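# Structural overview for review
Below are the chains, spelled out letter by letter.
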Amino acid sequence: QVQLVESGGGSVQAGDSLRLSCAASGRTFSRYVVGWFRQAPGMERDFVAAISTSGRNTYYAESVKGRFTISRDNAKNTLYLRLNSLKPEDTAVYYCAATTRGTSRSVQTDEYDYWGQGTQVTVSS
């Protein structure tokens, strides 16, 4: 089992950058495929990015490809998401998630077993 705690959200202007972090408890973080999802008010929770256990393989939603970068540091039990060139439509609560059942191409919420509480990102124009 793993517990996830996100941080790093905030209110920024369009074009700004943020780095989200997701700290994981336990000693088995490196065994989990981990990813980021986001949920805007009244909308479904959508896939953003995922990364393999080793960090060698990543996968992104088309809407963030080229602007967001997912990475992990297994020694620090931490997952990151760098958000560049932010747009108002990136406004959402961002969640990290973990699974032992998936791959870096796991994009469905039901493929993930563990979730953080979320961190709010608000982008104004």
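Structure: see above.
Notes on the structure follow.

The rules behind each value
Residues numbered from 1 in each chain as written. Predicted model: local features only at pLDDT ≥ 70, side-chain atom pairs only at ≥ 80, totals over all residues. Heavy atoms only, no water. Buried < 20%, exposed > 50% of the residue type's maximum accessible area, 1.4 Å probe, protein only. Helix = DSSP H or I, 4+ residues; strand = E, 2+ residues; numbered from the N terminus. Pairing = 2+ DSSP bridges. Contact = heavy atoms within 4.5 Å. Phe/Tyr/Trp six-rings, centres within 6.5 Å; stacked < 30°, edge-to-face > 60°.

Burial analysis of strand β9 (residues 92–99) places 7 of its 8 residues in the buried class, which makes it a mostly covered element. Bridging between strand β4 (residues 33–39) and β9 involves 7 bridges; their strand directions are antiparallel. Paired with F37 across the bridge in β9 is Y95. The sheet contact formed by β9 and strand β11 (residues 119–124) spans 3 bridges and is antiparallel. Within β11, the residue paired with A92 across the bridge is V121.

Let us look at the side chain of S21. Note that S21 resides in strand β3 (residues 18–24). Those residues in contact with S21 that lie beyond four places of it in its chain are V5, E6, S7, W36, T78, L79 and Y80.

Turning to the packing of aromatic side chains, a few remarks are in order. Taken as a whole and judged by the stated rule, the model has 6 aromatic pairs. Consider the rings of F37 and F47, whose centres lie 5.7 Å apart with planes at 80°: the pair is edge-to-face. Residue F37 is located in strand β4, and its partner F47 is located in strand β5 (residues 45–51); the two are separated by 10 residues in the primary sequence. By the burial criterion, F37 is buried, and F47 matches it. Through pairs of rings, three or more aromatic residues link up here, namely F37, F47, Y59, Y112 and W115.

All we've got here are geometric facts, nothing functional implied.
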